[in-house]
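Commentary on secondary and tertiary structure
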Amino acid sequence: MDAHLICDAERRYPGGATIEARFEVPLDGFSVTVLFGPSGSGKTTVLRLLAGLERVDQGRIRAGGEAWSDAAQNIHLGPQARNLGFLSQDYDLFPHLSVYANLGYGLRDLEASARQARTEELLELLDLRGLGERRPAELSGGQRQRVALGRALARRPRLLLLDEPFTALDRPAQLRLRRELRELLRGLALPTVLVTHDRDEALHLGDRIVVLDQGRVCQSGDIQRAFDRPTDPAVARILGVETVVRGRVEGVAEGLATVAVGPARIFAADPGGLGQQAFVCIRGEDVAVERQGVAPSGSTARNRLPGTITTLHAEGALVRLSLDCGFPLECLVTRQACQDLGLVEGDAVTAILKAAAVHLIPHD
Amino acid sequence: MDWQAVRLSVQLASLTTLVLLGLALPLAYWLAFTQRRWKFLVEAVVAMPLVLPPTVLGFYLLMALGPRSPLGWLWERAFGHTLPFSFEGLLLASVLYSLPFMVQPLASAFAGVERGLIEASWCLGESRFRTFVRVIVPLSWGGILTGLVLSFAHTLGEFGVVLMVGGNLPGRTRTVSIAIYDQVQAMDYGPAARTAALLLGVSFLVLTLTYALRRSQRKPWTLI
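Here is what the cut-offs are and how they apply
- Residues numbered from 1 in each chain as written.
- Chains lettered and ligands numbered in written order.
- Predicted model: local features only at pLDDT ≥ 70, side-chain atom pairs only at ≥ 80, totals over all residues.
- Heavy atoms only, no water.
- Core = buried A, V, L, I, M, F, W, Y, C linked by side-chain atoms within 4.5 Å.
- Buried < 20%, exposed > 50% of the residue type's maximum accessible area, 1.4 Å probe, protein only.
- Contact = heavy atoms within 4.5 Å.
- Buried area = accessible area lost by both parts, 1.4 Å probe.
- Salt bridge = Lys/Arg side-chain N within 4 Å of Asp/Glu carboxyl O.
- Polar contact = N/O pair within 3.5 Å; in protein donor to acceptor, adjacent residues only side chain to side chain.
- Helix = DSSP H or I, 4+ residues; strand = E, 2+ residues; numbered from the N terminus.
- Nonpolar A, V, L, I, M, F, W, Y, C, P; charged D, E, K, R; others polar.
- Pairing = 2+ DSSP bridges.
- Axes fitted to C-alpha atoms, helices over the stretch in contact; angles between N-to-C directions.
- Phe/Tyr/Trp six-rings, centres within 6.5 Å; stacked < 30°, edge-to-face > 60°.
- Domains from an automatic or database assignment.
- Expected span 1.5 Å × (residues − 1).

Quick notes on the nonpolar core
Grouped together as the largest cluster of nonpolar side chains are 49 residues, with contacts concentrated most on Leu149, Leu160, Leu203, Ile209 and Leu239 of chain A. Residues in contact with Leu149 of chain A, not counting those within four places in the same chain, are Leu87, Leu126, Leu160, Leu162, Leu181 and Leu184 of chain A. Ala9, Val25 and Leu27 of chain A together with Leu20 of chain B belong to the second largest nonpolar core, which has 48 residues in total.

Written as structure tokens, this is what we have:
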């Protein structure tokens, strides 16, 4: 059996807006597919098409060989028949029911004792012990999110759909819960589709990415590949790509993390919560360049990376240099500085950047 | 005071409210959620009794229920008496006359339930009907209460339609409002005043109770 969700569907709105969704989601085991794009790009609509909350106007959605939607054959499976977990942006907990009843809402088919056991299990799994009798209005934002997640997981769905699950939370809670979420989903071996417009969130949680712009899929596939090699400038603009590379965390000491990226070692400020792997994000304007061979004059910058200039591209008053430092590194310098140093393609240089300018995103 | 009329009125109002609830639940659900373009037509028909003079409604009902109409003929064949000037005829007339007072609060309450909650229920495997029972109805209790109270109070106070369809038969179609009219016609002001005071008191009481129960709801009071 083909263990993929295959989406090849269109949704048209009166007034001309069309959402075209063409991508695949693996359904065998844990993986997070991120639907990524600016607001208005149609991410939420795509998620609703998958959930069966919107009808497909053309094309089809198939899951593991089963037709969920097929416009040509007039097939439309309701959300009830898709065995999904769906978590909307504002959680939509039933306000008239307790946490306990919310968690058990979808378990009507089970006998009372089995339902109770499953509900207890979920309270445990999501760290909600002691809150069973509360109403949603009496919970904090993070607790509400966990209840909604537990409710979506209760029926052991084959696919979990999350629509911007962290937007309703404050920043520190977001960071903590992202990590917990990824651990949880991995533990449950649950394939997940997550909608977000937040690049950090996409990198933190995603294995695969589907980049959407103006209702159209621009690129989909492995997340590292999308950041490495955006298929077109639109994708690069949406992803905000400068340098995003995956590295291995070698150690953390006194607030400074050491990350191995290819043969290079990069020092970066410790964002907290680092595991084994992390994405290293560097903005082009934070990278300075000097010719190799110049004696270091003493600097606060922690990172001095030898490399060569692969391409040199003028962008107005600035010049974009692509360096090979054992990994591709983008940097942006003034045209003036570039001329003063007489830089050309192929030159050996040293890239200099402060540890504080290196942004690490944990990704295990 | 004409206690027979009071009892009859309460009986009529209770039964009307009950029948209306059964009718209005599906009708209001349809009005709240349908995507049909001609929904406005149904809305207009349901709202008719709000603006129509009771005599006009009563006149048409009389025509529709009379022994020469198909319904009236069937009824007479089945039950041996005519619909007009009977309690059953009065009940039917009351149901139609109070229809908007039940349907409108229900429909607006149903439509006010957040879409996301309904969709969440669907995604948890519950059918549209089960979602109605488990989510929409419990979250619409304020509107349902309003509909019950308004229908009851409105039926209790109806006059024109009763006079047209029911006439004035003691114990069968003579309701409180008719009794008051009779008493005033007979210059019998004492009993008329007492009956009127009773109606005033009951109406005030049920409305006060409704407001009190709904006072914690976020939405400001709207009649319908």
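Having put the structure on the table, let's press on.
Things to note about the interface of chain B and chain A
How big an interface is tends to be expressed through the accessible area that disappears when the partners come together. Taken together, the contact pairs 19 residues of chain B with 16 residues of chain A. If you sort the residues of chain B by the area they bury against chain A, Cys123, Leu124 and Arg134 of chain B come out on top, with a joint share of 40%. For the pair chain B and chain A, the interface holds two salt bridges. Between Glu126 of chain B and Arg108 of chain A there is a salt bridge; the shortest N-O distance is 3.0 Å. Where chain B touches chain A, the interface holds seven residue pairs in polar contact (both at pLDDT 80 or more). Secondary-structure elements contributing two or more residues to the side of chain B that touches chain A are α6 (115–123) and α7 (128–139) of chain B. When its residues are assigned to classes, the side of chain B that touches chain A shows eight nonpolar, five polar and six charged.

Digging into the sheet that holds strand β12 (residues 243–253) of chain A
Residues and elements named next belong to chain A. In space, the five strands of this open sheet follow the order β14-β13-β12-β15-β21, with antiparallel pairing throughout. The open sheet has two free edges, formed respectively by β14 (264–269) and β21 (358–362), since each of these has just one partner strand. Adjacent strand axes in the sheet meet at a mean angle of 40 degrees, parallel and antiparallel pairs treated alike. With five bridges connecting them, strand β15 (residues 277–282) and β21 associate as antiparallel partners. Along β21, the bridge assignment pairs Ile282 with Val358.

Looking at the sheet that holds strand β16 (residues 288–291) of chain A
Residue and element names in this part refer to chain A. One open sheet accounts for five strands, arranged β16-β20-β17-β18-β19; its pairing is antiparallel. The outermost strands of the open sheet, each flanked by one partner alone, are β16 and β19 (328–334). Adjacent strand axes in the sheet meet at a mean angle of 45 degrees when their direction is disregarded. Where strand β17 (residues 303–315) and strand β18 (residues 318–324) come together, seven bridges link them in antiparallel fashion. By the bridge assignment for β18, Thr308 is matched with Asp324.

A closer look at the packing of aromatic side chains
All names here are of chain B. Summed over all chains, the structure comprises eight aromatic pairs over all chains. Seen from their ring centres, Phe110 and Phe132 are 5.3 Å apart, and the 90 degrees between their planes marks the pair as edge-to-face. One end of the pair, Phe110, is in helix α5 (residues 87–112); the other, Phe132, is in helix α7, and 22 residues separate them in sequence. The two residues Phe110 and Phe132 agree in class, both being buried. Taken together, Tyr29, Phe33, Phe110 and Phe132 form an aromatic cluster joined through their ring pairs.

Some remarks on the domain arrangement of chain A
Residues and elements named next belong to chain A. On domain assignment, one finds that chain A holds domain 1 (4–240) and domain 2 (245–362). Counting residues at the interface gives seven residues for domain 1, matched by eight residues for domain 2. Summed over both partners, the interface of domain 1 with domain 2 buries about 730 Å², with 58% contributed by carbon and sulfur atoms. At the boundary of domain 1 and domain 2, one finds two residue pairs in polar contact (both at pLDDT 80 or more). Elements with a minimum of two residues in the side of domain 1 that touches domain 2: α6 (199–205) and α7 (223–228). It is α6 that contributes the most residues to the side of domain 1 that touches domain 2, four residues altogether. Its residues assigned to classes, the side of domain 1 that touches domain 2 comprises two nonpolar, two polar and three charged.

Some points on helix α5 (residues 171–188) of chain A
All names here are of chain A. Under the 1.5 Å per step criterion, the end-to-end length of α5 is 26 Å for 18 residues, consistent within 8% with the ideal 26 Å. Among the residues of α5, those classed as buried are Ala173, Gln174, Leu177, Arg178, Leu181, Arg182, Leu184 and Leu185. In the core, the buried residues of α5 are packed alongside β3 (31–36), α3 (112–125), α4 (141–153), β8 (159–163), β9 (191–196) and α6. Looking one or two residues past α5, Ala189 carries a phi angle of roughly 55 degrees, positive in sign.

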